[in-house]
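Understanding the architecture of this molecule
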Amino acid sequence: MRVIGGEFRSRALKSLPGLDVRPTPDRLREALFNVLAPRIERATFLDLYAGTGAVGIEALSRGAARAIFVEQKHAAVRVIRENLKTLGLDTRVEVRHGRVMAMIAIVEADIVFLDPPYDLEKEYAAVLALLGEKPPRLVIAQHSPRLKLEDGYGGLHRTRQLKQGDNELSFYEP
């Protein structure tokens, strides 16, 4: 796995073996950040279910002022911290170790990205509903095209869908 573009382009990132984390494919990350390009500069980016941290690191590489990573698995938190240290990003980040449902109320960001692992797929609706209570500028949910998300959650309304292979991105705004 590597950083696709920006300041850290082509830099390698550590990953975790197995199916516990589901890294966002390079092509999908590239498509995501092509869409986010006009909005990412100086934003605070929240990477929920961060896994290896690749999406949040990509946001920092492309101009986000800071990133917050939320991850429950100990091994994944270790990998995120190693990747951030390798890139010298320690001062622009916050790594939160814990359940997303518990952390979501205590962190704020301009742009929120979520991609729960397979075994937590039921959390999409709950997290989107919580975010819809006090909507950030933009929420992006990565999911399987077979998983049908609602067009709206509280104050959030789906404004765009981007499908690529076995993945779909749903964009929500107030």
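Below is a short write-up of the structure. (Residues numbered from 1 in each chain as written. Predicted model: local features only at pLDDT ≥ 70, side-chain atom pairs only at ≥ 80, totals over all residues. Heavy atoms only, no water.)

1. Quick word on the overall build of the chain
Counting secondary structure elements, the chain contains five helices and eight strands. Secondary structure of the chain in N-to-C order comes out as α-β-α-β-α-β-α-β-α-β-β-β-β. Here the chain holds 174 residues, and 53% of them are scored as buried. Here the contacts in the chain between residues at least 6 apart in sequence split such that 61% fall between residues at least 24 apart. Summed over all atoms, the accessible surface of the chain reaches about 8300 Å², with 48% contributed by carbon and sulfur. Considering the chain, the positive charge centre built from 26 side chains and the negative charge centre built from 23 side chains are found 3 Å apart. (Helix = DSSP H or I, 4+ residues; strand = E, 2+ residues; numbered from the N terminus. Buried < 20%, exposed > 50% of the residue type's maximum accessible area, 1.4 Å probe, protein only. Contact = heavy atoms within 4.5 Å. Areas by Shrake-Rupley, 256 points an atom, 1.4 Å probe, with all protein chains shown as cover. Lys, Arg positive; Asp, Glu negative; His and termini not counted. Charge placed at Lys NZ, Arg CZ, Asp CG, Glu CD.)

2. So, the sheet that holds strand β7 (residues 156–164)
The pairing of strands in a sheet happens through backbone hydrogen bonds and is either parallel or antiparallel. Spatially, eight strands are ordered β3-β2-β1-β4-β5-β8-β7-β6 in an open sheet, and the strand pairing comes out mixed. The outermost strands of the open sheet, each flanked by one partner alone, are β3 (93–97) and β6 (152–153). Note that β7 and strand β8 (residues 167–173) share seven bridges and pair antiparallel. Counted as the bridge partner of Q164 is N167 from β8. Along the sheet, helix α1 (residues 26–40) makes contact with β1 (44–48), β4 (111–114), β5 (138–143), β7 and β8, crossing β7 at roughly 140°. Seen against the sheet, helix α3 (residues 74–87) touches β2 (66–71) and β3 and runs at an angle of roughly 170° to β3. (Pairing = 2+ DSSP bridges. Axes fitted to C-alpha atoms, helices over the stretch in contact; angles between N-to-C directions.)

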